[in-house]
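Report on the structure
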Amino acid sequence: MQKNEILENLKNAVVEGDDGKAREGARQALEANIDPLEAMQMGLTKGTDVVGGRFERGESYLPELIMAGEAFKAAMEILNPEIKRQQKDVADVGTVVITTVKGDLHSIGKNIVATVLETNGFNVVDVGVDQGALQIIEAAEKANADAIGLSALMSTTMPGQKEVIDALVELNLRDKYRVVVGGGPVTQEWADEIGADGYGRDAVAAVGLLTKLLNP
Amino acid sequence: MIDFLDVCERAETGPLMTERDFELKVFIPKLRDVVKEYGIQYDSETPVPADDAAADSVYEASVDFLARVGVYCQDTNRVIQFTEHEIRDAVGSAPGECLTGEGKDASVFRVRQPDDERPARCHVNWGTVHSSQEMAIDIMAANVAHPEAQAISISSVTNTVRGMRVKAGSPLEMYAGIRAVRVARDACRRAGRPGLPLMNLVPAAAAAVTTIGASAAQFGARPTDGWIIGIISENKIDYGALNKVAYLLNWGANIGSQGAPSLGGYCGGAPGTAIVNTAYFLMGLVAMKANYHLCFPIHFQHGCCSTRDVLWLVSTSSQAGSRNVPIPVIWLGYMAAGVNTKMYFYEAAAYLLAATTSGADAVKMPTPAKGVKVDASTPMETRFGIEMVKAASRLNRQQANDLVIKLLEKYESQIPNAPEGDRYQDCYAVETGKPGESYLRLYDEVKADLNAIGIPFD
């Protein structure tokens, strides 16, 4: 099989969200002595670009994004050991701890952002919903995170975002993390008021914001 | 028929799985299967379809979907499962009406049918936030003063208590919840409507203890009001919701299940979201013992209910529900644009046409500016909503479809950057509660525009 065909198969496996095809494509890439980083960047990542673009245009939705992400991960399980063996560096765009704050059980918006971040190369640590300030900071410390993403879907849970920032200040950790906020009732004015580093109105905006903040 | 204690038992004994597995291995694939097997398709050229057989297919798909997927209990990590027979049994036993309010404001909240000539029940006001208690009362009193108003969603009043921001689950939420009931009842009294049912109790109450605490008679709440219990998106529930059901069943109060499936989230596109929205009516009946339902399917990206695909699913699931599921439903729409903009009225007209002609039992007057801006509502939107409901009841689905297409042409492209509009104090005289000249002028222009495209106002 030609190199271009293998890379195209990897791209299509991600676009179709087919983890079986993605694994098969990764194996074929290694057998054909294709550079594993090239297989990732010119195959898998091209697929996530297609799915991400469709999502941004409203032509595909969260299930397609998740399945694309799962296919990407499946292929990387095969490519990663070879990347490490060859001591090649995968570009590190940053680690983000993401959560919905205390008192709030809404997960969909947060999950969409997490999935879009993952498909754009971020290492995402999703600590779930209904998380208090100290739990979130502990998770960020443990993950050695670069940024914290805080979602709130109710006006009465927005104070939970402020509590995380206040706690970071009190613990002298504020400068260690970029903190971004989002969610239905959240606005840029609220982000400014509580001292967040940024506000993302949707998942695509959140990726742009974090890319800019972490890779200036 | 299974009772609520059966539901509680299944929450402790159903299949154990992680929430992630429920989402990825159960909800998403089974919903996709059902969409495919029942051939549910979105037609962007027909935002208000008039196909009874297609609507019935969505209903059948929703029964099958709920039986295949069940309801995930977040506190026990177990799936509460129902058989198709149990779901159909709950549908067959549903009374199809709900007694609300007291005295001269008492009424029966009944189901309607697609193309029904009876106007949908007018449900006024919004659960939004204001900058002062006085303003909240003024707006609520003006809204319920309309004789057509048969129920109210009460305001959250303000987002602070003695200067402290209200926080979910905290004692301040309890103060705010009790205040909301007292203030709303006072507003209804001032308007001469003391018996009007408050149907969204308790607004902004995240904790079950707030709902239960604010329900005490001394604060003005009654069992003939309506108590909202939210389904957690998608297809999930927790002990907090189950605790509310247990309390309200013991009390004998009206229980309103609330569902807000997200188009673009786990439901995927419009067909899957229509099925899930319809399944939530069933979930209300079978899992939450609800005797009414409130829904607002919403677009994941734009945070509003006026996009073409959301209008299609509102119409489709309203028809599926009203033809097959005898539970009265309140349809709530969040509009992208705000107060004192033409776009708001075009969106609201489209939403009310789609819902009303598709058999919506009650419509809440559409919420301006996605419901997130403080003070972003006025009595003018209520006046418009009531006039639109009357006009829509003179039309059938086919006529509504033609009008909705014309309205979408006016606003659809502006949705991503919709104008957030004015606040109450920007376009009303706060002292007198009267609208300003500019808003009256805009209102007249919009009515003329809508008349010109064929909306039959009085």
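Residues numbered from 1 in each chain as written. Chains lettered and ligands numbered in written order. Predicted model: local features only at pLDDT ≥ 70, side-chain atom pairs only at ≥ 80, totals over all residues.

1. What to know about the overall build of chain A
Using the following cut-off: Numbering of helices and strands starts at the N terminus; helices are DSSP runs of H or I of at least 4 residues and strands are runs of E of at least 2. C-alpha atoms define the radius of gyration in this analysis, and the globule rule sets the expected value at 2.2 Å times the number of residues to the power 0.38. Note on burial: count the other C-beta atoms lying within 10 Å of the residue's C-beta; 20 or more is buried, 12 or fewer is exposed, in between is partly exposed, and C-beta positions come from the backbone. Each residue is represented by a C-beta atom placed from its backbone, and any two residues with such atoms within 7 Å are regarded as in contact.
Regarding its fold elements, chain A presents nine helices and five strands. Its C-alpha atoms give chain A a radius of gyration of 18 Å, near enough to 17 Å, the size a compact globule of 216 residues would have. For chain A, the C-alpha atoms occupy an extent of roughly 55 × 35 × 25 Å along the three principal directions. Classification of the 216 residues of chain A by burial places 52% in the buried group. Pairs at least 24 residues apart make up 73% of the contacts formed inside chain A by residues separated by at least 6 positions.

2. Looking at the overall build of chain B
When helices and strands are counted, chain B shows 15 helices and 18 strands. In terms of overall size, chain B behaves like a compact globule, its C-alpha atoms giving a radius of gyration of 21 Å where 458 residues would be expected to give roughly 23 Å. Projected onto its principal axes, the C-alpha coordinates of chain B cover approximately 60 × 50 × 40 Å. A buried classification covers 61% of the 458 residues belonging to chain B. For chain B, long-range pairs separated by at least 24 residues make up 80% of all intrachain contacts whose partners lie at least 6 apart in sequence.

3. Describing helix H5 (residues 133-144) of chain B
An α-helix turns once per 3.6 residues; consequently, residues spaced three or four apart project the same way. All names here are of chain B. This is how it is decided: Each residue after the first adds 1.5 Å to the expected span of a helix.
For H5, with 12 residues, the first-to-last C-alpha span of 17 Å sits near the 16 Å given by 1.5 Å per residue. Counting buried residues in H5 gives 10 out of 12 residues, a clear majority hidden from the surface. Residues of H5 that are buried: Met-135, Ala-136, Ile-137, Asp-138, Ile-139, Met-140, Ala-141, Ala-142, Asn-143 and Val-144.

4. Concerning the sheet that holds strand S2 (residues 78-80) of chain B
All names here are of chain B. The following threshold applies: DSSP-based pairing: two strands are paired if at least 2 bridges between them are found. For every element, the axis is a line fit to its C-alpha atoms; helices are fit only across the contacting stretch, and the angle between N-to-C directions ranges from 0 to 180 degrees.
With respect to topology, three strands assemble into an open sheet ordered S2-S1-S10, the strand pairing being mixed. Pairing within the sheet leaves two strands with one partner each, and these edge strands are S2 and strand S10 (236-237). As paired strands, strand S1 (residues 71-73) and S10 are joined by two bridges and run parallel to one another. For Cys-73, the partnering residue across the bridge sits in S10 and is Ile-237. Sheet contacts for helix H1 (residues 4-13): S1 and S2; angle to S2, the most-contacted strand, approximately 150°.

5. A short note on the interface of chain B and chain A
Just so we agree on the cut-off: Charged residues are taken to be Asp, Glu, Lys and Arg, nonpolar residues to be Ala, Val, Leu, Ile, Met, Phe, Trp, Tyr, Cys and Pro, and polar residues to be all remaining types, Gly included.
At the interface, 25 residues of chain B touch 18 residues of chain A. Per-class residue counts for the side of chain B that touches chain A are 11 nonpolar, 10 polar and four charged.

6. So, the pairing of strand S5 (residues 121-124) of chain B
Residue and element names in this part refer to chain B. Here is the rule we go by: The crossover handedness rule: strands pointing away from the viewer, path from first strand over the helix to second strand clockwise, crossover right-handed.
The alternating pattern of S5 places Arg-121 and His-123 and Cys-122 and Val-124 on opposite faces, both of which are buried. When S5 meets strand S16 (residues 362-364), the two strands line up parallel, connected through three bridges. Residue pairing across strands places His-123 opposite Lys-364, the latter belonging to S16. The parallel pair S5 and strand S6 (residues 149-152) is bridged by H5, and the resulting crossover is right-handed.

7. Describing the domain arrangement of chain A
Residues and elements named next belong to chain A. So the rule is basically this: Residue ranges for the domains originate in an automatic or database domain assignment.
Splitting chain A by domain gives domain 1 (3-85) and domain 2 (95-214). One C-alpha centre belongs to domain 1, the other to domain 2; they are set 28 Å apart. Taken together, the 10 residues of domain 1 in the interface contact seven residues of domain 2. Those elements that provide at least two residues to the side of domain 1 that touches domain 2 are helix H3 (36-56) and helix H4 (62-85). For the side of domain 1 that touches domain 2, the element with the most residues is H4, which contributes six residues.

8. Points about the sheet that holds strand S3 (residues 147-151) of chain A
In sheet architecture, strand pairing relies on hydrogen bonds along the backbone and comes in two forms, parallel and antiparallel. All names here are of chain A. Pairing is parallel in the open sheet, where five strands are placed in the order S2-S1-S3-S4-S5. Of all strands in the sheet, those bounded by a partner on one side alone are strand S2 (123-126) and strand S5 (198-199). In this sheet, S5 lies alongside strand S4 (residues 178-182) in parallel orientation, the contact comprising two bridges. Residue pairing across strands places Val-180 opposite Gly-198, the latter belonging to S5. Taken strand by strand, helix H5 (residues 108-119) contacts strand S1 (95-100), S2, S3 and S4, and its axis lies near 170° from that of S1.

9. A look at helix H2 (residues 19-37) of chain B
Here is the rule we go by: One fitted axis covers the seven residues ending at a residue, a second covers the seven starting there, and the bend at that residue is the angle between these axes.
Along its 19 residues, H2 of chain B runs 26 Å from first to last C-alpha, staying within 8% of the 27 Å computed at 1.5 Å per residue. The largest bend in H2 of chain B amounts to roughly 25° and is located at Phe-27 of chain B, with the proline Pro-29 of chain B lying one to four residues further along. Among all positions in H2 of chain B, only Phe-22, Glu-23, Phe-27, Ile-28, Leu-31, Val-34 and Val-35 of chain B are buried. Summarising the contacts, the buried residues of H2 of chain B are in contact with H4 of chain A together with helix H3 (52-69), S1, S2 and helix H9 (270-287) of chain B. Directly after H2 of chain B, the chain includes Gly-39 of chain B, whose backbone phi takes a positive value near 60°.

10. Quick look at the pairing of S2 of chain A
All names here are of chain A. Across the two faces of S2 the burial differs, with Val-124 and Asp-126 buried and Asn-123 and Val-125 not buried at all. Note that S1 and S2 share four bridges and pair parallel. Residue pairing for S2: Val-97 is matched across the bridge by Val-125. For the crossover that starts at S1, traverses H5 and ends in the parallel S2, the hand is right-handed.

11. Side note on the packing of H2 of chain B against H9 of chain B
Residue and element names in this part refer to chain B. Basically, it comes down to this: Throughout, the term roughly parallel applies to angles under 35 degrees, roughly antiparallel to angles over 145, roughly perpendicular to angles from 65 to 115, and oblique to all others.
Where H2 meets H9, the closest approach of the two axes is 10 Å, and the angle between their N-to-C directions is 105°. Our classification of the angle between H2 and H9 gives roughly perpendicular. Along its contact with H2, which presents Leu-31, Val-34 and Val-35, the element H9 presents Pro-271, Gly-272, Ile-275 and Val-276. For the contact of H2 with H9, the class distribution of residues is six nonpolar, one polar and no charged.

12. So, the nonpolar core
Stated formally: Linking buried Ala, Val, Leu, Ile, Met, Phe, Trp, Tyr and Cys residues through C-beta atoms within 7 Å yields a set, and such a set is a nonpolar core.
Among the nonpolar cores identified, the biggest contains 228 residues, and Ile-152, Ile-275 and Ala-349 of chain B are the most heavily contacted of them. Residues lining this core come from more than one domain, with at least three contributed by each of domain 1 (3-85) and domain 2 (95-214) of chain A. Leaving out residues up to four positions away in the same chain, Ile-275 of chain B has contacts with Leu-31, Val-34, Val-35, Ile-40, Val-58, Ala-61, Ser-62 and Phe-65 of chain B.

13. Let's talk about the environment of Arg-110 of chain B
Checked against the element boundaries, Arg-110 of chain B lands in strand S4 (residues 107-110). Along the sequence, Arg-110 of chain B and Ile-330 of chain B sit 220 residues apart, while their C-alpha atoms lie 11 Å from each other.

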